[in-house]
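In case you want the letters, here they are:
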Amino acid sequence: MSSRLGGAALVASPSYPNSVAWSDENLIAVASGHLVTILNPAMPVAPRGFITVPAKKLFPIGVIERKDLLSDCLLPTSLSRDFRPCVRSISWSPIGFAPNSGCLLAVCTAEGCAKLYCSPFCEFSAEWLEVMDISDILYDYLANINFMEPDILTSEISDDRGIQDLGHSVLRKEHKRNGRDVGSTASTEVATFPSSFLREGSSVEVFKMYGSQRVWIIGVLERFNGARALVRFQETGETAQHDEWVEMNECNEISGTVLPSDTMDEQANRFPKIRPSMNVGNLPDQKLWANCNGVGEILKIGQAVEAWTNDRWQEGEFVGFSKGGLQVKLSGDIAFVTLDASSVRLAPLWNGEHKSWQLTIVKIEMDYPKLPTVVDLKSDRPKEDNRHEIVCITKSERKTLKKIPEEHSLSLVTANKYTSRSAMLSLLVVSWSPVLFLSSGNGNSSNCYSLLAVGGKSGQVSVWKICEPECHTIENARFSSKSMLVGLFRAHDAWITTISWALLASDTSVPQLLLGTGCSDGSVKIWLGCSDGLLSSPEVNLAPFALLKEGILVDCVPVSVLSLIVPAQFPHKVLLAIGRGSGSFEVWLYDIKNSNFHKVDSNDVHDLVVTGLAWAFDGRYLYSCSQDNCLRCWLLNGDSLSEVPFPSTAPCLKSSTDIPNVSDSCFGVAVSPGNLVLAVARSFDAELLNPMYQARKKAAVEFYWTGGQQLDISLHRQLDTDIQSIPGFSEKELSYWESNILWSLNQFECPNKCLVVWDIILTLSAFRQSNSTYVEQILNKWLLGSHMGFYTKKNLSKISSRKLHLLNILCRRVVLSELKSDNVICEKEEKWTLWRELLRSSEEELRIRLVGLCFTAVNRLSYDSIEKSAQHGYFDSMGLAQMEQWVALNNGAEDQLKLLASEVRKLDMRVDYEEERCSYCSASVQFESPEVAFCKAIQSHKLSRCAVSMKICPTTTPLWFCICCERWVSKLAPKTLFELHGYPSDLKSSTESSILEVSRKALCPFCGILLQRLQPDFLLSASPV
C-alpha cells in the first residue's frame, strides 16, 4: 500500500479486537499478549512504556462441593488450564485525568481484572504505574450487597434484634424445641430482596392506594428512564391498569403504614413504591401451628401482615387465631376477616440503609435433625495466597466444617451461585466517556469528570465516575482523584463484548450521554443517560440509563466491535457501526429528532472476525479491519456507504523501521487526533519469519497516511486550479490533501479540544521537503480564513487565543523549523522575515493578554483573599513586579495595560518587590527580558524565567516544559487566557469569576499545548507537536 508511513515491531502478538488505542495526548497503546506496549508515534522505535499484566487473581466468593465441579455451569472453569495472562481490552481517558495532566489507561485482562494506569513521569522508569484496581472495588461492593442475591438469615425466635442487623450475608439456623424428643420447632428466616433485583422484564409489586386500602399490585417492569420505571399491570378487576410510570426512589407521601411497635421510627413511612416480586414467605399450613412452642412470639397481636386477595397483596394487621384460620384486619376495613394461613405472610420491611426489602419467613419443622453450622463469611479478606483457590468440600468434610482454618472460612454456595458471582467479577471490556462537566460545579473543586464503563460476562455494566485531579503535578505520581461506582445495571443476558460512548448535543445546558453495548448473543443496544444525574449521584444507581434502541440481531452472530459517533455537522444524528464475528459489519443511522432508526448499509467484505472500526473526519469516513488481514476505507455520503481506496500517493518520509511483510491478521485500527494518520495492529505469521533475525518480532503497529482520502466533492467547494505541482501527485490528489489539512486545522480552533497537532505538522513538513510553496499556500488559505491575512497588530487583537496558539506552532514547527527555538525571533535572514514577524507579533499579543489578566485579577482581590485563594486554584500575586517592569520596557503595550499597571503600583503593599537573586551565586539579577536573565556576577549565569510570571525559575524543584517553544513554567497561566476570543475591550470592567481561576491543565501560554516534565531521551514522553 503506497500510503504506508512506517511502523513499529512488537515482542508479543495481539489476541482480541480493538487492540490498539490512540490517546488525546498522542500516545499509542497496543494490547499485545501479556503486555501493553505504549509508544510515541513520532518516535515509534524507541523509547517505549510497558504494562505487565499480573497473574490471574480470583476472589473469595464461596466454597463449593467437589461433585459440583462437574456441573454444566462449572465444567468450563474446572477444565480450564490456561493461566497465562492476556490483555483483552484497553481504553484511554480524556486528557487531564492523570496526575501529570495526561491520560489514564484502563486495562482489562482476559481473566477479568480491570485496572487504571498512569505514566511514570517522575520515576524514570519504563513500567507504568497502577493507580486504581477496579476489580477490587467492584468485589467489595458486590460482597457488601451479597452479590445481589436474596440474603437468608435465620435467628432464634427470642432474638429481639432490630432491622439494622439484617444486612449480614450469613446463614445461622438455631431451633427452639418444646423440651420433648419428638415435637415441632418454629424458626424464622429473613430473605433480603435488594433493589438491584429490579430489572427489565422482571416481575414487580407496585404500591397503590384505593381509598384507605393499601395494596401491592403485580406487574412486569418494562424499562427504566432515570429514577422512573415503566410497569405493565395485569388486567384484572375494575381498577386494572395498563402501563404506568412509577417512581423508584423513596418517598414520604405515603403514611399510615401498619408496622410493629418495635420497628416504628421516623423512617418507617419512607419506602419506594415499587419492589421486586416476592413469591416466598406465605405462612405454614394452619395444622402445623398446633402444639408448636413459640408461635406467639412470632405472630403477635397487631403484627403487620399482607394477605393475598383479589390477585394482589393487601396490607393488614394480625388480630388472632381461629379454627378456620388467621384473623386479619385488612387496611380500609372495619371488621376482621378469617383467612387461610397459606395466603398470609408477614409484611416485608424496607431497609433504607441497605436499599432492600426484608421478608421474614416462618418455618415449622417436625423432628428436625441437628444440622451443621455454616461458617460465617468474614468481613476481612482472606490472605492473598488463599485467594487463588476453589475450596471443595467432600461429604465427610461437611461434618467438620467448623474446623476449617480461618483463612478458608468461606460460605458454602451452590454451583449456580458460584458461577453467577464469578461472572459478575469477570470483566471483559472497558471504555471511557468524553469529558463531562457538572453544571452545578463551583470554582473550589473540579467539576470535570469522565465515566468509565466496564462490561463483563454477567451482562452487567458498571459505571465509574472519575474526577479530574484538583491540581496536576510533575513531582510525584500519587493519584489523588476522586472516583466512585455510580451505576450498575444489566445491559444484556450474555457476555458484553464491546462498549462505545458518544456525547449527544442537547437543547438544554445538560448534555445527554449515549452508550452503545454489544453482546456475544448478537444483540446491540443504545442507552441514553443524563450526565448530571450520574455525576451528582451520591450512591450507586441501579438504573443509570434508559434504553433508547435495542435489537439488531443477525443470526445471533457475536458482536466484536462497535463505533459510535455524533457528527458535529449533524448534532442530532447518531452513526453506529457494528462489526461481527462472521466478518460482516453494518452502519446504522439514528435521527434523534424524528426517532428514525434505519440501516444505511451492510457489508460482508471481510472473511473473518471484524476486529476494528473507526470513524474519521466527523463521520465522513469509516475504517474497518479484520482477522483476514484486510484494511478497508469507506465513504459515507448521505444514506450510502461505498468503499474507496487509500491514497495512491503520499509524501515520502525516511523510516528506519524494518517491518517484515508477513502479517496474517489485523487486530484493531485507531485514528490520530488530527485524523491524518491511521494506526493498525497486525500479527505476523511465525512460519514466514526468519528464525535468526526476526524471531522476536511477533507483531507490529503500522501507520498509514489518510490525509489524501477521496472527497465527496458535492459537499465542498470546487477544486482549486492554482495548486502548486509536486512530482508524483496529480492536481486532484493535492486538492484532497489540502482540503483535509484545512479541515483538521479548523477542528482544533475549538478551545475545548486539546492541541495535539503532530499529524498536521508531520504532513506539512513532509510536503515542505518537496515543495515549500505548496505548504505556504495551504497556510495562507488558513490565515485568510482566520482573518489574519494582513498580519497587522490590530487584526491579531481580534483573533482568538486558540488561533494564535495554532499560528505559533505552525510558525515554529513548519515554516521556521530549521531554526533553533531560541533564535527564531532573532533570526534576520530575509526569507524568514514575514513569518518571523508574524510569530513575534502573535506571541507579544498573547503576553499582553496574559499580563492584562493578571493585573485585572490582582485589582479585584484583597490582600487576605490573595493569600487564601492561592490554595484553591486561584490567581496569586507572584511575578507582578516583573510584569510591571515588562510593561515599562515595552513601548508597544496597550494604553489599557499601562493604566492597569499604574493601578497595581498603588497596591505596593500587596506586591513583592524584593530584588531577584541568582540561584547559583546569589548575585543580583535585573529585569531585562521576559525570557532569560543574567546575574551581575563576574562569571555571569544565564537563568530562565517562567513564561507566565516572568520570575526566575527555581532550580531545586521540577518545572513544566513546553517541547514546542522550549520555555519553562513554574506557575500556570489563568484559565481565561485560553478561552479569549480576542483582546477584551475593557479588562478592568470584567466581572467574570473565571478571570481569577488558574488553568487546571498545565498548558503553555504561548503554544497552548500540554506542558510536561522534560524526560531523558531514553524515556517515553508525548509529542503533541
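Residues numbered from 1 in each chain as written. Predicted model: local features only at pLDDT ≥ 70, side-chain atom pairs only at ≥ 80, totals over all residues. Heavy atoms only, no water.

**Some words on the overall build of the chain**
The helix and strand inventory of the chain stands at 14 helices and 52 strands. Taken across its 1025 residues, the chain has 56% of its residues classed as buried. Contacts in the chain between residues far apart in sequence, at least 24 positions, make up 63% of those at least 6 positions apart. Accessible surface for the chain amounts to roughly 44100 Å². Of this, 50% is attributable to carbon and sulfur atoms. (Helix = DSSP H or I, 4+ residues; strand = E, 2+ residues; numbered from the N terminus. Buried < 20%, exposed > 50% of the residue type's maximum accessible area, 1.4 Å probe, protein only. Contact = heavy atoms within 4.5 Å. Areas by Shrake-Rupley, 256 points an atom, 1.4 Å probe, with all protein chains shown as cover.)

**Examining the packing of helix 10 (residues 801-815) against helix 11 (residues 833-860)**
At a closest axis distance of 10 Å, the pairing of helix 10 and helix 11 adopts a crossing angle of 145°. Here the hand of the crossing between helix 10 and helix 11 comes out left-handed. Residues Ser 801, Leu 804, His 805, Leu 807, Asn 808, Cys 811, Arg 812 and Val 815 of helix 10 touch helix 11, and the partners they reach there are Trp 835, Leu 838, Leu 839, Ser 842, Glu 843, Glu 845, Leu 846 and Arg 849. (Axes fitted to C-alpha atoms, helices over the stretch in contact; angles between N-to-C directions. Left-handed = near helix turned anticlockwise from the far one by under 90°.)

**Comments concerning helix 8 (residues 772-785)**
The first and last C-alpha atoms of helix 8 sit 20 Å apart over 14 residues, in line with the 20 Å expected at 1.5 Å per residue. Buried residues along helix 8 sit in contact with helix 6 (731-747), helix 7 (758-770), helix 10 and helix 11. (Expected span 1.5 Å × (residues − 1).)

**A closer look at the sheet that holds strand 38 (residues 596-603)**
Taking strand neighbours across the sheet as the criterion, the 4 strands line up as 35-36-37-38 in an open arrangement whose pairing is antiparallel. Looking at strand neighbours, the two that pair on one side only are strand 35 (559-565) and strand 38, the edges of this open sheet. Across this sheet, the average inter-strand angle for adjacent strands is 20°, counted without regard to direction. Here 6 bridges tie strand 35 to strand 36 (residues 573-580), and the two strands are oriented antiparallel to one another. Counted as the bridge partner of Leu 562 is Ile 578 from strand 36. (Pairing = 2+ DSSP bridges.)

**A look at the sheet that holds strand 32 (residues 512-519)**
Hydrogen bonds along the backbone pair up the strands of a sheet, which may run parallel or antiparallel. Strand order in the open sheet formed by 4 strands is 31-32-33-34, and the pairing between neighbours is antiparallel. Edge strands, defined here as strands with exactly one partner in the open sheet, are strand 31 (496-504) and strand 34 (546-551). Geometrically, the sheet is characterised by an average inter-axis angle of 20° between neighbouring strands, direction not taken into account. The pairing of strand 33 (residues 524-530) with strand 34 spans 5 bridges and is classified as antiparallel. Bridge pairing links Ile 526 to Lys 549 in strand 34.

**Concerning the confidence of the model for the chain**
A residue-level look at the chain finds 78% of positions with pLDDT of 70 or above and a mean pLDDT of 79. Confidence drops under a pLDDT of 50 for residues 153-182, and excluding neighbours within four residues, the segment shows 74 contacts in the predicted structure. Low pLDDT (under 50) marks residues 253-268, which in the prediction has 26 contacts with non-local residues, meaning those over four places away or in another chain. (pLDDT = per-residue confidence, 0-100.)

**What about helix 13 (residues 880-889)?**
Among the 10 residues of helix 13, 7 are classified as buried, and the element is accordingly described as predominantly covered. Regarding helix 13, the residues found buried are Leu 880, Ala 881, Gln 882, Met 883, Glu 884, Trp 886 and Val 887.

**Re the packing of aromatic side chains**
Per the counting criterion, the structure on display carries 29 aromatic pairs. Here Phe 617 and Tyr 621 contribute two aromatic rings whose centre-to-centre distance is 5.2 Å and whose plane-to-plane angle is 75°, an arrangement assigned as edge-to-face. Tyr 621 matches Phe 617 in its accessibility class, with the two residues each being buried. A centroid spacing of 4.7 Å and a plane angle of 50° characterise the contact between Phe 961 and Trp 968, whose relative ring orientation is tilted. Owing to a relative accessible area of 8%, Phe 961 belongs among the buried residues under this scheme. Here the aromatic residues Phe 207, Trp 216, Phe 271, Trp 350 and Trp 357 are joined through ring pairs into a cluster of three or more. Lying over the aromatic face of Trp 245, Arg 228 brings its terminal NZ or CZ to 4.7 Å of the ring centre. (Phe/Tyr/Trp six-rings, centres within 6.5 Å; stacked < 30°, edge-to-face > 60°. Lys NZ or Arg CZ within 6 Å of the ring centre and 35° of its normal.)

**Some details on the pattern of salt bridges**
This structure, assessed with the given rule, holds 30 salt bridges. As a salt-bridge pair, Glu 702 and Arg 682 come within 2.9 Å of each other at their nearest N and O atoms. Taken together, the residues Glu 702 in strand 45 (residues 699-705) and Arg 682 in strand 44 (residues 677-684) connect sequence positions 20 residues apart. Of the two residues, Glu 702 and Arg 682, neither departs from the other in class, the shared state being buried. One salt bridge connects Arg 849 with Glu 845, and the closest N-O pair in it is separated by 2.9 Å. Taken together, the positions of Arg 849 and Glu 845, both in helix 11 and 4 residues apart, correspond to about one turn of that helix. Like Glu 845, Arg 849 is buried. Salt bridges linked by common partners bring Arg 812, Glu 843, Arg 847, Glu 931 and Arg 967 together as one network. (Salt bridge = Lys/Arg side-chain N within 4 Å of Asp/Glu carboxyl O.)

**Considering the packing of helix 6 against helix 7**
To describe two helices that pack against each other, one gives the angle between their axes and the distance between the axes. For the pair helix 6 and helix 7, the least separation of the axes is 11 Å and the interaxial angle reads 145°. The handedness of the crossing between helix 6 and helix 7 is left-handed. Every residue of helix 7 that contacts helix 6 at Leu 734, Trp 737, Ile 741, Ser 744 and Leu 745 is listed here: Ile 760, Thr 763, Leu 764 and Phe 767. The residue inventory of the contact of helix 6 with helix 7, partitioned by class, reads 7 nonpolar, 2 polar and no charged. (Nonpolar A, V, L, I, M, F, W, Y, C, P; charged D, E, K, R; others polar.)

**Here we look at empty space enclosed by the protein**
On inspection of all chains with the given rule, the structure shows 6 cavities of 30 Å³ or more. Size it by volume and the largest cavity reaches roughly 310 Å³. The wall of the largest cavity is formed by 23 residues, among which Asn 100, Ser 119, Leu 1020, Ser 1021 and Ala 1022 lie closest to the centre. Among the secondary structure elements, those contributing two or more residues to the lining of the largest cavity are strand 5 (43-52) and strand 52 (1012-1013). When the residues that make up the lining of the largest cavity are grouped by side-chain class, the tally is 13 nonpolar, 7 polar and 3 charged. (1 Å grid on protein atoms, 1.4 Å probe; cavity = no way out; pocket = protein on both sides within 12 Å on 5 of 7 lines; lining within 4 Å. Points joined across faces, edges and corners; volume = space filled by probe spheres on them.)

**Description of the side chain of Gln 460**
One can find Gln 460 in strand 29 (residues 460-467). Note on Gln 460: relative accessible area 7%, which makes it buried. Each residue touching Gln 460, except ones within four places of it in the same chain, is listed here: Met 148, Arg 199, Met 424, Val 454, Gly 455, Leu 488, Phe 489, Arg 490, Ala 491 and Ile 496.

**What about the state of the cysteines?**
In the structure shown here, the tally under the stated rule is 0 disulfides. This cysteine, Cys 108, is not joined by any disulfide, and Cys 113 carries the nearest cysteine sulfur, 7.6 Å off. For Cys 108, a relative accessible area of 0% corresponds to the buried category. Counting only cysteine sulfurs, Cys 962 is the nearest neighbor of Cys 965, a cysteine outside any disulfide, at a range of 3.5 Å. (Disulfide = S-S within 2.5 Å.)

**Regarding the pairing of strand 37 (residues 585-591)**
By the criterion of burial, strand 37 is predominantly enclosed, with 7 of the 7 residues buried. Residues Phe 585, Val 587, Leu 589 and Asp 591 line one face of strand 37 and the alternating positions Glu 586, Trp 588 and Tyr 590 line the opposite face, and both faces are buried. Note: strand 36 against strand 37, 7 bridges, orientation antiparallel. By the bridge assignment for strand 37, Lys 573 is matched with Asp 591.

**Points about the pairing of strand 13 (residues 203-210)**
Where strand 13 lies against strand 14 (residues 213-225), 8 bridges are found, and the strand directions are antiparallel. Counterpart to Tyr 210 in the pairing with strand 14 is Gln 213. A loop of 2 residues connects strand 13 with strand 14, the two strands running antiparallel in sequence, and Gly 211 in this loop sits at a positive phi of about 70°.

**Concerning the nonpolar core**
Counting residues in hydrophobic clusters, the biggest one holds 139 residues, and the most contacted among them are Ile 38 and Tyr 623. In this view, Ile 38 contacts Leu 27, Ile 28, Ala 29, Arg 48, Gly 49, Phe 50, Ile 51, Trp 92, Leu 105, Trp 128 and Leu 1020; residues no more than four positions away in its chain are not counted. Judged by nonpolar contacts, the second largest core, of 48 residues, contains Ala 106, Met 278, Leu 359 and Leu 425. (Core = buried A, V, L, I, M, F, W, Y, C linked by side-chain atoms within 4.5 Å.)

**Comments concerning the environment of Ala 650**
Positionally, Ala 650 belongs in the loop between strand 42 (640-644) and strand 43 (663-671). On a C-alpha basis, the gap between Ala 650 and Gly 707 in space is 8.6 Å, while along the polypeptide they are 57 residues apart.

**Considerations on the environment of His 242**
With respect to the helices and strands, His 242 occurs in the loop between strand 15 (228-233) and strand 16 (243-247). Considered as a pair, His 242 and Gly 219 are 23 residues apart in the sequence and their alpha carbons are 9.3 Å apart.

**Some thoughts on the environment of Glu 931**
Looking at the secondary structure, you find Glu 931 in the loop between strand 47 (924-925) and strand 48 (932-934). A sequence separation of 20 residues divides Glu 931 from Lys 951, and the C-alpha atoms of the two residues are 9.4 Å apart. In contact with Glu 931, other than residues within four places in its own chain, are Arg 847, Ser 944, Arg 945 and Arg 967. At a separation of 3.0 Å, a polar atom in the side chain of Glu 931 contacts the side chain of Arg 967. (Polar contact = N/O pair within 3.5 Å; in protein donor to acceptor, adjacent residues only side chain to side chain.)

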